[in-house]
Amino acid sequence: MRCVIARFPFDLIKSEVEQSMSGISPEPVTGVSVSIGRRVYPVMQVGEVITKQDRRDFTSGEMRRALTRLGFTCHDAPPAAPAAPAPATRADEDAWRW
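Worth saying up front: this structure is predicted, and the values here are computed from it rather than measured.

**Some thoughts on the pairing of strand 1 (residues 2–5)**
By the alternation rule, side chains of strand 1 split into C3 and I5, which are all buried, and R2 and V4, of which none is buried. Where strand 1 lies against strand 2 (residues 8–11), four bridges are found, and the strand directions are antiparallel. Residue pairing for strand 2: V4 is matched across the bridge by P9. Counted along the chain from strand 1 to the antiparallel partner strand 2, the turn is two residues long, and its residue A6 has a positive phi close to 55°.

**Looking at the environment of S15**
Structurally, S15 is set in helix 1 (residues 14–21). Overall, the relative accessible area of 44% leaves S15 in the partly exposed class. Taking the C-alpha atoms as reference points, S15 and L70, 55 residues apart in sequence, are found 9.5 Å from one another.

**Considering the packing of aromatic side chains**
This structure, assessed with the given rule, holds zero aromatic pairs. Directly above the aromatic system of F72 lies the positively charged group of K14, at a separation of 5.1 Å from the ring centroid.

**Some remarks on the side chain of T51**
On the secondary structure map, T51 appears in helix 2 (residues 43–51). Owing to a relative accessible area of 8%, T51 belongs among the buried residues under this scheme. Here the side chain of T51 touches G47 through a polar contact of 2.5 Å, landing on its backbone oxygen. For T51, the residues in contact, after removing those within four places along its chain, are I5, F10 and F58.

**A few points about helix 3 (residues 60–70)**
Among the residues of helix 3, those classed as buried are M63, A66, L67 and L70. When helix 3 is viewed along its axis, its buried side chains cluster within an angular range of 95° and face the same direction. For helix 3, the exposed residues set more than 90 degrees away from the buried face come down to R65 and R69. If you follow the buried residues of helix 3, they end up packed against strand 1, helix 1, strand 3 (33–36), helix 2 and strand 5 (73–75). Directly after helix 3, the chain includes G71, whose backbone phi takes a positive value near 110°.

**Points about the sheet that holds strand 5**
The three strands lie next to each other as 4-3-5, forming an open sheet whose pairing is antiparallel. The sheet is open, and its two edges are formed by strand 4 (39–42) and strand 5, each paired on a single side. Neighbour-to-neighbour, the strand axes of the sheet open up by a mean angle of 35°, direction not taken into account. Relative to strand 5, strand 3 runs antiparallel, the two sharing three bridges. Counted as the bridge partner of S35 is T73 from strand 5. Sheet strands in contact with helix 2 are strand 3 and strand 4, and its direction is about 80° off that of strand 4.

Cut-offs used in this document
Residues numbered from 1 in each chain as written. Predicted model: local features only at pLDDT ≥ 70, side-chain atom pairs only at ≥ 80, totals over all residues. Heavy atoms only, no water. Buried < 20%, exposed > 50% of the residue type's maximum accessible area, 1.4 Å probe, protein only. Helix = DSSP H or I, 4+ residues; strand = E, 2+ residues; numbered from the N terminus. Pairing = 2+ DSSP bridges. Phe/Tyr/Trp six-rings, centres within 6.5 Å; stacked < 30°, edge-to-face > 60°. Lys NZ or Arg CZ within 6 Å of the ring centre and 35° of its normal. Polar contact = N/O pair within 3.5 Å; in protein donor to acceptor, adjacent residues only side chain to side chain. Contact = heavy atoms within 4.5 Å. Arc of directions from axis to C-beta. Axes fitted to C-alpha atoms, helices over the stretch in contact; angles between N-to-C directions.

This is how it looks when you write it as structure tokens:
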């Protein structure tokens with residue numbers, strides 16, 4: 001499949017992407033990710049490996065579109081951890097004491 005990533009044309013084939021990522025350990029996922037085989041990789045890591053470009057040269061949206069068109073399953077960013085609840089205070093606790 002022909003696609004443009006960071007203004008450069010690439011001819012990508014699903015089996016070649018799988019082969020390129022086969023010996024690479026996945027980084028921790030903090031944003032958009034993609035399932036390749038049994039592993040889940042950040043799309044930016046996959047983009048860097050298959051295009052041999054710096055991650056700052058392309059967006060996660062470009063990579064997500066290309067990988068989805070190739071037939072890979074992409075996942076949204078994991079939800080942020082819930083914030084700790086505020087400590088309970090009494091109504092008169094914050095009042096001025098003269």
